[in-house]
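# Structural characterization, general
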Amino acid sequence: MIKLEKFDTSDYNRLINWIDTKELMILFGGPLFKFPITNRQLNTYTSNKKRYIYKVIDVNSNLVIGHAELNNIDFTNRNARICRILVGDTSFRNKGYGKQIINALIKIAFNELKLHRLDLGVYDFNTAAIKCYKNCGFKIEGLFKENTKVDNQYWSTYNMSLINKNYD
C-alpha cells in the first residue's frame, strides 16, 4: 500500500539518483528535462502552480519508492494530465505499485479536485505501463507517430484518457 505526499527540495537528490540514464529520463519526463537532471531544473519544475507533484511512500516500510504528478490542472475545463510516474526504487518494481499510484492520482483528481477528465501519454513500446493504465480504466484515444526523437530513433506516443462518470 502507498501514500502520496508533497514532493519538495528534500526529495531532489533521490529523484536525480533514480534517473541515471538519458533513456530513463525521457521515459520519465519526456522533453521537460535535459540529462542529467539538476536542482535548477527541478526548481523550475516545482514552481509551476498547475502541477501537483508527489513522492510515493510505501506505507509498510515507510520508504520513498517513487514519484507521481498531476499536471496542466485546469479547473475551468475540469481536466488534468497524469505525468512523470516512476517507481524509482528498483526493488519495488513489478509488484503492483504502478497501479496503486495511478489509482491514488485518480482518487485525488476525481474525488478531491472534482475533475471531469484525466489523460496521459505513454510511449507505444511501454507495454507494461499501457496494461497498467488500461487496468485503471484508461482508454487509448490516439497515437502520435514518431513524435519524440531519442538519439537516432523516433518514439511514438499513445494518448490515453479516463472520464469521471461517477462524480459529475
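Just so it is clear, the model here is predicted, and its values are computed rather than measured.

## Regarding helix 2 (residues 22–29)
- Along helix 2, the residues that are buried comprise Leu24, Met25, Ile26, Phe28 and Gly29.
- Tucked into the core, helix 2 has its buried residues touching helix 1 (12–18), strand 3 (63–74), strand 4 (79–87), strand 5 (117–123), strand 6 (139–150) and strand 7 (153–163).

## Structural notes on the sheet that holds strand 2 (residues 52–58)
- Here we have seven strands laid out as an open sheet, ordered 1-2-3-4-5-7-6, and mixed in their pairing. Edge positions in the open sheet fall to strand 1 (2–6) and strand 6, since each of these has one partner strand only. Strand-to-strand twist across the sheet, computed as the mean angle between neighbouring axes with direction ignored, equals 30°.
- Bridge analysis of strand 1 against strand 2 gives five bridges, and the strand direction is antiparallel. Bridging from a neighbouring strand, isoleucine 2 pairs with aspartate 58 of strand 2.
- Contacting strand 3, strand 4, strand 5, strand 6 and strand 7, helix 2 runs over the sheet at an angle of about 150° to strand 4.
- Of the strands in this sheet, strand 4, strand 5, strand 6 and strand 7 touch helix 5 (residues 127–135), which is tilted by about 165° from strand 5.

## Some details on the nonpolar core
- Core analysis: the biggest nonpolar cluster contains 33 residues, and Leu70, Leu118 and Phe138 have the highest contact counts within it.
- Secondary structure elements with two or more residues in this core: strand 1, strand 2, strand 3, strand 4, helix 4 (97–112), strand 5, helix 5 and strand 7.
- Ranked by residue count, the leading element in this core is helix 4, at eight residues.
- If we skip the residues at most four places from it in the chain, phenylalanine 138 touches Ile82, Ile102, Ile106, Leu118, Asp119, Leu120, Tyr133, Met160, Ser161 and Leu162.

## As for helix 5
- What helix 5 keeps buried is the set Ala129, Ile130, Cys132 and Tyr133. Considered in projection along helix 5, the buried side chains sweep an arc of 160° and stay on one side of the axis. Exposed positions of helix 5 whose direction lies more than 90 degrees from the buried face are Thr127, Ala128 and Lys131.
- Positive phi shows up at glycine 137, right after helix 5, with a value of about 105°.

## Notes on the pattern of salt bridges
- Under the definition given, this model contains nine salt bridges.
- Of the charged contacts, one joins lysine 3 and glutamate 5 as a salt bridge, the two residues approaching to 3.4 Å between their closest N and O atoms.
- For lysine 3, a relative accessible area of 34% gives the class partly exposed.
- A salt bridge links lysine 55 to aspartate 11; the shortest N-O distance between them is 3.4 Å. Placement of the pair is lysine 55 in strand 2 and aspartate 11 in the loop between strand 1 and helix 1, with a sequence separation of 44 residues.
- Overall, lysine 55 belongs to the buried group, its relative accessible area being 13%.
- For aspartate 11, a relative accessible area of 2% gives the class buried.

Reading the values: the criteria
Residues numbered from 1 in each chain as written. Predicted model: local features only at pLDDT ≥ 70, side-chain atom pairs only at ≥ 80, totals over all residues. Heavy atoms only, no water. Buried < 20%, exposed > 50% of the residue type's maximum accessible area, 1.4 Å probe, protein only. Helix = DSSP H or I, 4+ residues; strand = E, 2+ residues; numbered from the N terminus. Contact = heavy atoms within 4.5 Å. Pairing = 2+ DSSP bridges. Axes fitted to C-alpha atoms, helices over the stretch in contact; angles between N-to-C directions. Core = buried A, V, L, I, M, F, W, Y, C linked by side-chain atoms within 4.5 Å. Arc of directions from axis to C-beta. Salt bridge = Lys/Arg side-chain N within 4 Å of Asp/Glu carboxyl O.

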